[in-house]
Amino acid sequence: MADLTTNFAGIRAPNPFWLASAPPTDKAYNVVRAFEAGWGGVVWKTLGEDPPVVNVSSRYGAVSYNGVRIAGFNNIELITDRPLDLNLREIRQVKRDWPDRAVIVSLMVPCTEDAWKSILAPVEDTGCDGIELNFGCPHGMSERNMGAAVGQVPEYVEMVTAWCKQHSRMKVIVKLTPNITNILAPARAALAGGADAVSLINTVQSITGVDLDQMAPEPVVDGQGTHGGYCGPAVKPIALRMVGDIAREADLRRLPISGIGGISSWRDAAEFIALGAGSVQVCTAAMHHGFRIVDDMIDGLSNWMDSKGYRTLDDFRGRAVPNYVHWSDLNLNFKTLARIDQDLCIKCGLCHIACEDTSHQAIAALRVDGARRYEVIDAECVGCNLCAHVCPVDDCITMQPQPATLPKLVWPQHPNNPMRIPEAAE
Amino acid sequence: MTDTADIAAGRLPPAQLAANFADAHPPLSPHEAVVEASRCYFCHDAPCIEACPTGIDIPGFIRKIGTGNLRGAARRILEANVFGGSCARVCPTEILCEAACVRTAEEDRPVRIGALQRRAIDWLMEHEPTPFARAPATGKRIAVVGAGPAGLACAHRLAMHGHEVTVFEARPKPGGLNEYGIAAYKLADDFAQREVAFILSVGGITIDYGKRLGVELTLPDLRAGFAAVFLGMGLAGVRALGIAGETLGGVRDAVDFIAELRQTGDKARLPVGRRVVVIGGGNTAIDAATQARRLGAEDVTIVYRRGPGEMSATVDEQDWAQTNGVRIRHWAAPQALLGAAGQVRGVTFLRTRLDQTGRAVPSGERFALEADMVLKAVGQVFMADPLAADGSLLLATEDGRIAVDAERRTSMPGVYAGGDCVAGVDLTVAAVQDGKLAAEAIHRAVTG
Ligand SMILES: Cc1cc2nc3c(=O)[nH]c(=O)nc-3n(C[C@H](O)[C@H](O)[C@H](O)COP(=O)(O)OP(=O)(O)OC[C@H]3O[C@@H](n4cnc5c(N)ncnc54)[C@H](O)[C@@H]3O)c2cc1C
Ligand SMILES: Cc1cc2nc3c(=O)[nH]c(=O)nc-3n(C[C@H](O)[C@H](O)[C@H](O)COP(=O)(O)O)c2cc1C
């Protein structure tokens, strides 16, 4: 039985599954239910200064895909709308009742040293395991020069992080916004400011859809809408890439990463961990299905680790990082070809029409004694994988790496590259 | 045997009867339809299209359902099959489109094409009761005999092309077997009439009821008065068993029994036997037996002279009958109908087996079934008399039905035919395709 215990930047938890700062962690009632269900930790819904913010009614938008609900999710909510003192009292009680779970408090106050300083002491007093600086909220708060307005300026990130380290002894996790061109800049700023870890991603600026009757962006508030923060399964690829970008940088390698964005299953979590994450945070999947999803997350991850012979999370953490390279490091002499298993083929023709219309005309549509048959034309196949992706049948079209006939060749050395670096031997 | 035959009406409470003859397969909800539509792979060169006798662009219309374009979906269906609404309900999809669906090969669970087709057509009929736009009038007048699926499909296509169509129909109502033959729970809520009204909304079609070819009119009359004639008369005759006792009370043709059932609004008024024996192996036998059960018959047995594999009723239909509590006995041929006081009381059967040539022959063994009612479902036949003059047929026939070529032309110039009265499978969808092909041929001929 695999050991899922986690030590993330010194913060301990029985498993790596934390609830991200959001409505599921807005108050003790929810958090206690989450701990009862088995979650390893929570990042409390972001606290701010009193008086609390005011939220609108009609708050969430979602993207359904072919009738499947919540492929993507967005919200125009702000930070907690409950009084600071009430939150602090609940946090203290919860941590006291659940000492083995990670309890992190998310914070967002105006960008002045005084504001940060004055909130840190009462938070530290709760006995929480650390704080997460919400530099990511892409709407509502950034207009008040908080959230993403800070996260998008590396100098501010460093400055605020430094204040927090200076005015408290708490672990500081800096939550990064993805609404930025290069994630490395704020990550380096956090490190420079003394951050113990980073967490990412916060939500992506988005409009989930336009209500074509009301002619307004969704969610519609009294006939109008605004951009919100996108999350859920649709953002996982964006999050993975940003986590990987940080994990593979030599100077950032020691910075713990809490992976967030579209994590719905143990497999998603395993992918984040393989790309370097030390813990993972979940919001949308819990909002969609309730806290009970953690059962399979724990169970599934543990079973998978057993099947792979991984005893602890550190056994596979970051294992995919060395293989996440720049395009220019990829072998241009590698060749893979599509193979159709004729016994599994159901004759839908999707591989043919996709290749014929949009790719390399490498799949022939034949009729053999009247029966449909689809065949790969090896000479035309570039190994793009499109057919394998469109084929609805598992393992019917597989990509088969061809035996290497030439040594590895990368773009910097390729003859077609005008800026080619001559090989050392020459 | 008891003393008197037990045939009675109102065997079940009215609410039970109403439920028994309501929609057997209720429609998909809007969400179910979107989810089901997403199961369609949108195949290239889709096998389902090839398997549909009317060649509906099935992946095309399903994709439109998925995107919420129900209007486009329904119109795509109607372009190929104006009876898309009834075909969605009555087609044996399990041997047509859904058999060919690649998901059948993949996981034995086809996309529910029929149910999706119904979703699209129902939506259009509710939101846009008159969606058809005719081409400018051509001034050509065409005669159609029979207001069944074949005749009306032909009439509709001709009207769309701008021709004026007169339909001569022997019965007082349109729809053919959609109105008089198909099982009640397949076309619930008067769907046959609602669909005919929808089809006729195109304009340019007049139906002349109570006009029977061979009685009120003749083929030469029609030939002389119209630019072209389409015959869609269906099968007017039924086969007899040819055994003793066929005239006993309680012995009926299954199609007549069903027609009466279809035309009786209050099912509590319909008499049905306590024990019913149905003889035959096709869908008519299934429908008669199942509906007898649903009327409240206690014990219903279908007896077929060969095995389950030889039944022309599909496996799904056989399952349906059995789920409804109908017993199916194979390998037995009726020998005599037994009666008392002029009423049927039982049937004796001879067990059969296959001989070397593959024919079912009696084996000599005999058994008897008690019956208060016997329904004969051993096949319908084409009656050629309306096409005869001075004792000889005006048209060539083939296997006892009107002979036609690929364009549905008969041997008489200007006369076309389709549906059950020509050779081929006897299905609503096939009748529609015949009518459509004939209309296109007629259009080419009269405008060419
Ligand atoms: C009991 C039963 C159940 C069936 N169930 C199904 C099913 O579930 N699914 C399916 O696909 N198919 C089913 N069928 C078959 C299907 O109903 C027929 O294939 C289809 O109706 C044929 O259409 P048609 O227009 O050729 O003939 P019909 O529907 O028979 O229409 C012929 C029309 O012509 C009229 N007519 C006949 N003679 C004359 C004349 N001399 N002059 C003027 N008018 C005339 C008739 O009154 C009728 O209106 C069933 C058939 C039966 C008998
Ligand atoms: C309704 C809602 C409210 C959120 N509020 C906060 C918040 O107050 N503070 C914060 O740091 N992130 C907030 N988030 C972002 C989540 O913590 C998380 O970063 C994001 O949703 C991506 O994870 P997911 O794909 O699992 O949902 C919120 C997200 C949602 C959906």
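Residues numbered from 1 in each chain as written. Chains lettered and ligands numbered in written order. Predicted model: local features only at pLDDT ≥ 70, side-chain atom pairs only at ≥ 80, totals over all residues.

Q: Please clarify how the overall build of chain A should be interpreted in this entry.
A: Helices and strands together make up the secondary structure of chain A, namely 12 helices and 20 strands. Computed over its C-alpha atoms, the radius of gyration of chain A comes to 25 Å, within 12% of the 22 Å expected for a compact globule of 426 residues. Seen along its three principal axes, the alpha-carbon backbone of chain A occupies a region of about 75 × 60 × 45 Å. Out of the 426 residues in chain A, the part that is buried amounts to 45%. Across chain A, the fraction of contacts at a sequence separation of at least 24, relative to all contacts at a separation of at least 6, is 71%. (Helix = DSSP H or I, 4+ residues; strand = E, 2+ residues; numbered from the N terminus. Rg over C-alpha atoms; globule rule 2.2 N^0.38 Å. Buried ≥ 20, exposed ≤ 12 C-beta atoms within 10 Å, placed from the backbone. Contact = placed C-beta atoms within 7 Å.)

Q: Just to check I follow, could you spell out the domain arrangement of chain B for this structure?
A: Accessible area lost during the coming together of the parts is what is often quoted as the interface size. All names here are of chain B. Domain assignment breaks chain B into domain 1 (38-127), domain 2 (141-236 + 382-446) and domain 3 (238-379). A separation of 30 Å is found between the C-alpha centroids of domain 2 and domain 3. Between domain 2 and domain 3, the contact holds five residues from the first and eight residues from the second. Its residues assigned to classes, the side of domain 2 that touches domain 3 shows three nonpolar, one polar and one charged. (Domains from an automatic or database assignment. Nonpolar A, V, L, I, M, F, W, Y, C, P; charged D, E, K, R; others polar.)

Q: Can you help me understand the site of ligand 2 in this one?
A: Residue and element names in this part refer to chain A. The environment of ligand 2 is made up of 28 residues, and the closest members are A20, N75, C231, C283 and T284. For the shell around ligand 2, the secondary-structure elements that each account for two or more residues are β4 (41-47), β6 (68-75) and α9 (284-289). Split into classes, the residues belonging to the shell around ligand 2 amount to 13 nonpolar, 12 polar and three charged. (Near = placed C-beta within 6 Å.)

Q: Is there a simple way to think about the interface of chain A and chain B in this case?
A: In this assembly, 13 residues from chain A lie in contact with 13 residues from chain B. Considering only residue class, the side of chain A that touches chain B consists of seven nonpolar, four polar and two charged.

Q: I tried to follow the packing of helix α2 (residues 30-38) of chain B against helix α4 (residues 58-66) of chain B on my own but got confused; where do I start?
A: Axes are the key here: two packed helices are described by the angle between their axes and the distance separating the axes. Residues and elements named next belong to chain B. Put simply, α2 and α4 touch, their axes get as near as 8 Å, and they point 135° apart. In terms of axis orientation, α2 runs oblique to α4. Between α2 and α4 lies a crossing whose hand is left-handed. Facing α2, whose interface residues are A33, V34, A37 and S38, α4 presents I62, I65 and G66. (Axes fitted to C-alpha atoms, helices over the stretch in contact; angles between N-to-C directions. Parallel < 35°, antiparallel > 145°, perpendicular 65-115°, else oblique. Left-handed = near helix turned anticlockwise from the far one by under 90°.)

Q: Just to check I follow, could you spell out the site of ligand 1 for this structure?
A: Residue and element names in this part refer to chain B. In the neighbourhood of ligand 1, 38 residues make up the surrounding shell, with G146, G148, G176, G234 and G419 lying closest. Those elements that provide at least two residues to the shell around ligand 1 are α10 (149-160), β3 (164-169), α14 (254-263), α15 (283-295) and α17 (428-447). Class assignment of the residues belonging to the shell around ligand 1 gives a composition of 19 nonpolar, 12 polar and seven charged. Per-domain counts for the shell around ligand 1 show at least three residues from each of domain 2 (141-236 + 382-446) and domain 3 (238-379).

Q: Sorry, what's going on with the pairing of strand β8 (residues 130-134) of chain A here?
A: Successive side chains on a regular strand alternate, one facing one side of the sheet and the next facing the other. Residue and element names in this part refer to chain A. The buried fraction of β8 amounts to five of the five residues, a majority that puts the element mostly inside the structure. Here β8 shows two buried faces, one formed by G130, E132 and N134 and the other by I131 and L133. As paired elements, strand β7 (residues 102-107) and β8 share four bridges and run parallel to each other. The partner of I104 across the bridge, within β8, is G130. With respect to chirality, the unit in which β7 leads through helix α3 (residues 113-124) into the neighbouring parallel β8 is right-handed. Direction of pairing for β8 relative to strand β9 (residues 171-175): parallel, over a ladder of five bridges. Residue pairing across strands places L133 opposite V174, the latter belonging to β9. (Pairing = 2+ DSSP bridges. Right-handed = clockwise from strand over helix to strand, strands pointing away.)

Q: What is the right way to look at the packing of α3 of chain A against helix α5 (residues 154-167) of chain A in this model?
A: Residue and element names in this part refer to chain A. The N-to-C vectors of α3 and α5 enclose an angle of 40°; their axes lie 10 Å apart at closest approach. Here α5 runs oblique to α3, going by the angle between their axes. In this structure, the crossing between α3 and α5 has a hand that is right-handed. Counting all contacts with α3, which are made through E113, W116, K117 and L120, the residues of α5 involved are V160, W163, C164 and H167.

Q: I'm lost on the sheet that holds strand β11 (residues 204-206) of chain A in this one. Help?
A: The strands that make up a sheet pair up through hydrogen bonds in the backbone, lying either parallel or antiparallel. Residues and elements named next belong to chain A. Pairing is antiparallel across the open sheet formed by four strands, whose spatial order is β5-β6-β14-β11. Two strands close off the open sheet at either side, each with one partner strand: β5 (60-65) and β11. Across the sheet, the mean angle separating the axes of adjacent strands is 45° when strand polarity is ignored. As judged from the three bridges shared by β6 and strand β14 (residues 228-231), these two strands associate in the antiparallel manner. Among the inter-strand pairings, N74 is bridged to a residue of β14, identified as Y230.

Q: Is there a simple way to think about the sheet that holds strand β2 (residues 141-145) of chain B in this case?
A: Residue and element names in this part refer to chain B. Pairing in this open sheet of five strands is parallel, and the strands run β4-β3-β2-β5-β21 from one edge to the other. The open sheet has two edge strands with one neighbour each: β4 (205-209) and β21 (415-417). Strand-to-strand twist across the sheet, computed as the mean angle between neighbouring axes with direction ignored, equals 20°.

Q: Is there a simple way to explain the confidence of the model for chain B in this structure?
A: Close inspection of predicted coordinates is inappropriate for parts of the model with low pLDDT. Residues of chain B with pLDDT of at least 70 account for 99%, and the chain-wide mean is 96. Scored by ipTM, the complex comes to 0.80, with pTM at 0.88. (pLDDT = per-residue confidence, 0-100.)

Q: Would you take a moment to explain the domain arrangement of chain A for this structure?
A: In terms of domain boundaries, chain A breaks down into domain 1 (6-323) and domain 2 (334-413). Taking only C-alpha atoms, the centre of domain 1 of chain A and the centre of domain 2 of chain A are 41 Å apart.

Q: It is not clear to me how the environment of R408 of chain B should be interpreted in this structure. Could you clarify?
A: Residue and element names in this part refer to chain B. Position of R408 among the secondary structure elements: in the loop between β20 (401-402) and β21. Counting along the chain gives 178 residues from R408 to F230, while the straight-line C-alpha distance between them is 9.1 Å. Ignoring sequence-local partners within four residues, the contact set of R408 consists of Y416, A417, G418, D434, L437, A438 and A441.

Q: Sorry if this is basic, but what is going on with α5 of chain A here?
A: Side chains of residues three or four places apart in an α-helix project in the same direction, reflecting 3.6 residues per turn. Helix length check: α5 of chain A (14 residues) gives 20 Å between terminal C-alpha atoms against 20 Å at 1.5 Å per residue, within 8%. What α5 of chain A keeps buried is the set P154, V157, E158, V160, T161, W163 and C164 of chain A. (Expected span 1.5 Å × (residues − 1).)

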